[in-house]
Amino acid sequence: MPYTHGVYMQENPTSVVAPITADSAVQVIVGTAPVNLLDDPASAINKPILVNTFAEAAAKIGYSDSFDKFTLCQSIDASFRVFNVAPLVLINVLDPDTHKEAVEASVKTISNGQVLIAEEGILKFGFTVKDETGSTTYDITDDYTLEFNDDGYMLLKVVTGGQIATDEETKLTINYDKLDPSLVDKDDIIGGYTAATGVYKGLECVSQVYPRLGLVPGLLLAPGWSHIPEVGIALTAKCEGINGVFKANCIKDVDCTATGVVEYSGVKAWKDTNSYTDKHDIVCWPMCKIGAKKYYMSALMAALIAFTDANNDSVPYVSPSNKGMRISGTILADGTEVYLDQVQANVLNGGGICTALNLNGWRSWGNNTGIYPSSSDIKDRFIPVRRMFDWWGDSFILTYFQKVDSPLNKRLIEAVVDSENIRANGYKARFQIADAHIEYSAAENPVTDLLNGKITFHQYLTPFPPAETIINVLEFDPAALTAALE
């Protein structure tokens, strides 16, 4: 170290900006991940895993840019790299014990004391290394080590002093299994619950999110799978009665493959035929791209909704429509680019479908849930209004659960009414709602209910609808022209 005398400066790399959080839009995503990258893949199979940063997601469930194989990764990328928003709850259904294939043994030559196998999904378990003839089997600790590089490829490193020679002529016979995501099907995503073993799988793991993590699901999605009608319908079914009480919304994709819909004019018919028509459905078409990466729109829409909420005090009163999508284009499943004008995008919106529009940059476009136009009830058709009702109800449950089993007396009634009205006035003062107030009515609480320990409150909630149409009437004023010429 050189001798120093004086004042010196030193710079450190810029710290990663912490993601902003949106408790109102906790994303619960079901799909597949490269769990082979983990030391213990079993820890990330059919379990809700909470992550708050990209590094945490990569460490707990694995990451790959191969979104077609590992569908959870597009949500990881969209949330942490595109919008930098957290948290995510990830549910991986890919099981290395089941969804794998055997790879035929191959001979590799050592280079610089190591062998790189440029292939994703390689499993460490069952990986064997022999000499070129196959007569000698080497030990994974004494003779070589295995690790994954940044691309998810397997790197075999020869241990100095072991049985394997490190010269450039040494050849090794390598045998291994690798993940086969193509073996995962819609039934794995839909999942189920086995009462005899207490095992939850797939979407059934949604009911484990709150008991395990203490988080109420806000958005349910399965990008890469939700365009399959059976999965889409299962997603909707999970939006109500989560843990018996909570509600959420699901973000679903319309199939934009050759067997789905490749023209905007046919999207509504597909949506109606496949029953993507619930008040909790946020239906998207087509897909998106950022450079060479292809995303199902649901992954980006969910991240955008969470980002919008986070920038509005985690209150979901602002519509996700007409917000920057941070994409470079919209595409069909085969990569064909789609450019909608505003008239075409409005046709989709009128059918209860959200899309993206290139209007001075790519923007989300659409305020309606899937129930529109079959229902025009304001609390069901507009995304921010529907989400406010769900969020408000969930918040009420969490806030007053502590009051359950308290004496059913006047003090309990006053505590709920006063607390809730004070809370509502705060949101009203910030223009996050038009109004909300709660009442206790004797007419709604017959003595038979009170004798059975049941009490009912009546709350009125009025979120603001989005200003979907703004009209300015222009008119020529002849009098002004006459006056100007006098």
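See the structure above.
Residues numbered from 1 in each chain as written. Predicted model: local features only at pLDDT ≥ 70, side-chain atom pairs only at ≥ 80, totals over all residues. Heavy atoms only, no water.

(A) Structural view of the overall build of the protein chain. Broken down by element type, the protein chain carries 13 helices and 26 strands. Along the longest, intermediate and shortest principal axes, the C-alpha atoms of the protein chain span 90 × 80 × 70 Å. Residues counted as buried form 47% of the 486 residues belonging to the protein chain. Restricting the contact set of the protein chain to residue pairs at least 6 apart, pairs at least 24 apart contribute 69%. Total accessible area on the protein chain stands at roughly 23,800 Å², and carbon and sulfur atoms take up 52% of it. (Helix = DSSP H or I, 4+ residues; strand = E, 2+ residues; numbered from the N terminus. Buried < 20%, exposed > 50% of the residue type's maximum accessible area, 1.4 Å probe, protein only. Contact = heavy atoms within 4.5 Å. Areas by Shrake-Rupley, 256 points an atom, 1.4 Å probe, with all protein chains shown as cover.)

(B) Focus on the packing of aromatic side chains. A complete count under the given rule lists 13 aromatic pairs for this structure. Relative to Tyr 63, the ring of Phe 54 has its centre 4.8 Å away and its plane inclined at 65°; by these criteria the two rings are edge-to-face. For Phe 54, a relative accessible area of 23% gives the class partly exposed. The buried category is assigned to Tyr 63, whose relative accessible area is 15%. Aromatic rings pair up to connect Trp 391, Trp 392 and Tyr 427 into one cluster. The aromatic ring of Tyr 372 is capped on one face by Arg 381, whose charged end is 4.1 Å from the ring centroid. Against the face of Trp 392 rests Arg 423, its NZ or CZ located 4.4 Å from the ring centre. (Phe/Tyr/Trp six-rings, centres within 6.5 Å; stacked < 30°, edge-to-face > 60°. Lys NZ or Arg CZ within 6 Å of the ring centre and 35° of its normal.)

(C) Representation of the nonpolar core in the model. Within the largest apolar cluster, 75 residues are counted, with the highest numbers of intra-cluster contacts made by Ile 61, Ile 76, Leu 90, Leu 220, Ile 251, Leu 300 and Met 325. With 9 residues, helix 7 (residues 297-310) is the largest single contributor of residues to this core. Setting aside anything within four residues of it in sequence, one finds Ile 76 in contact with Phe 54, Ala 57, Ile 61, Gly 62, Tyr 63, Arg 81, Leu 88 and Leu 90. The next biggest cluster of nonpolar side chains, apart from the first, holds 18 residues, and it includes Tyr 138, Phe 148, Met 154 and Leu 172. (Core = buried A, V, L, I, M, F, W, Y, C linked by side-chain atoms within 4.5 Å.)

(D) Expanded view of a nonpolar patch on the surface. On the surface, Phe 476, Leu 481 and Leu 485 cluster together to form a nonpolar patch covering roughly 370 Å² of accessible area. Along the chain, Phe 476 turns up in the loop between strand 26 (458-462) and helix 13 (478-485). (Patch = residues over 30% accessible without salt bridge, like charges linked within 9 Å, V, L, I, M, F, W, Y side chains within 5 Å. Salt bridge = Lys/Arg side-chain N within 4 Å of Asp/Glu carboxyl O.)

(E) Spotlight on the sheet that holds strand 6 (residues 100-109). Spatial ordering of the open sheet is given by 6-11-8, a layout of 3 strands whose pairing is antiparallel. The open sheet has two edge strands, strand 6 and strand 8 (128-131), and neither has a second partner. On average, each strand axis in the sheet is inclined to that of its neighbour by 20°, with strand direction left out of account. Note that strand 8 and strand 11 (residues 171-179) share 4 bridges and pair antiparallel. Following the sheet pairing, Asp 131 is matched in strand 11 by Leu 172. (Pairing = 2+ DSSP bridges. Axes fitted to C-alpha atoms, helices over the stretch in contact; angles between N-to-C directions.)

(F) Geometry of the packing of helix 2 (residues 72-82) against helix 7. At their nearest, the axes of helix 2 and helix 7 sit 9 Å apart, and the two run at 35° to each other. The element helix 2 and its partner helix 7 pack so that their crossing is right-handed. On helix 7, the residues that touch Gln 74, Ser 75, Ala 78, Ser 79 and Val 82 of helix 2 are Ala 299, Leu 300 and Ala 303. A per-class count over the contact of helix 2 with helix 7 returns 5 nonpolar, 3 polar and no charged. (Left-handed = near helix turned anticlockwise from the far one by under 90°. Nonpolar A, V, L, I, M, F, W, Y, C, P; charged D, E, K, R; others polar.)

(G) Spatial organisation of the pattern of salt bridges. Within the structure shown, the criterion is met by 23 salt bridges. Put simply, Lys 60 and Glu 56 hold a salt bridge, and the shortest N to O gap is 2.9 Å. Of this pair, Lys 60 and Glu 56 both sit in helix 1 (residues 54-61), 4 residues apart, roughly one helical turn. Here Lys 60 falls in the partly exposed class, since its relative accessible area comes to 35%. With a closest N to O distance of 3.5 Å, Asp 65 and Lys 293 form a salt bridge. Of this pair, Asp 65 sits in the loop between helix 1 and helix 2 while Lys 293 sits in strand 20 (residues 293-295), and the two are 228 residues apart along the sequence. Residue classification places Asp 65 among the partly exposed residues on the basis of a relative accessible area of 43%. Residue Lys 293 is classed as partly exposed on the basis of its relative accessible area of 24%. Overlapping salt bridges, with partners in common, bring together Asp 65, Asp 77, Arg 81 and Lys 293 in one network.

(H) Geometry of the pairing of strand 5 (residues 88-92). Most of strand 5 sits inside the fold, with 5 of its 5 residues counted as buried. Covered by surrounding structure in strand 5 are Leu 88, Leu 90 and Asn 92 together with Val 89 and Ile 91, the residues of both alternating faces. Bridging between strand 2 (residues 27-31) and strand 5 involves 5 bridges; their strand directions are parallel. Residue pairing for strand 5: Gln 27 is matched across the bridge by Leu 88. Here 4 bridges tie strand 3 (residues 48-51) to strand 5, and the two strands are oriented antiparallel to one another. Paired with Pro 48 across the strands is Ile 91, a residue of strand 5.

(I) Spatial organisation of the environment of Asn 367. Its location among the elements puts Asn 367 in the loop between strand 24 (362-365) and helix 9 (378-381). A relative accessible area of 7% places Asn 367 in the buried class. Separated by 207 residues in the primary sequence, Asn 367 and Thr 160 have C-alpha atoms spaced 63 Å apart. Setting aside its immediate chain neighbours within four residues, Asn 367 contacts Ser 319, Ser 321, Arg 381, Phe 382, Ile 383, Pro 384, Pro 466 and Glu 468. Engagement of the side chain of Asn 367 in a polar contact is seen with the side chain of Ser 319, the distance being 2.4 Å. Of the polar contacts made by the side chain of Asn 367, one reaches the side chain of Glu 468; its length is 3.2 Å. (Polar contact = N/O pair within 3.5 Å; in protein donor to acceptor, adjacent residues only side chain to side chain.)

In short, geometric facts, not functional conclusions.
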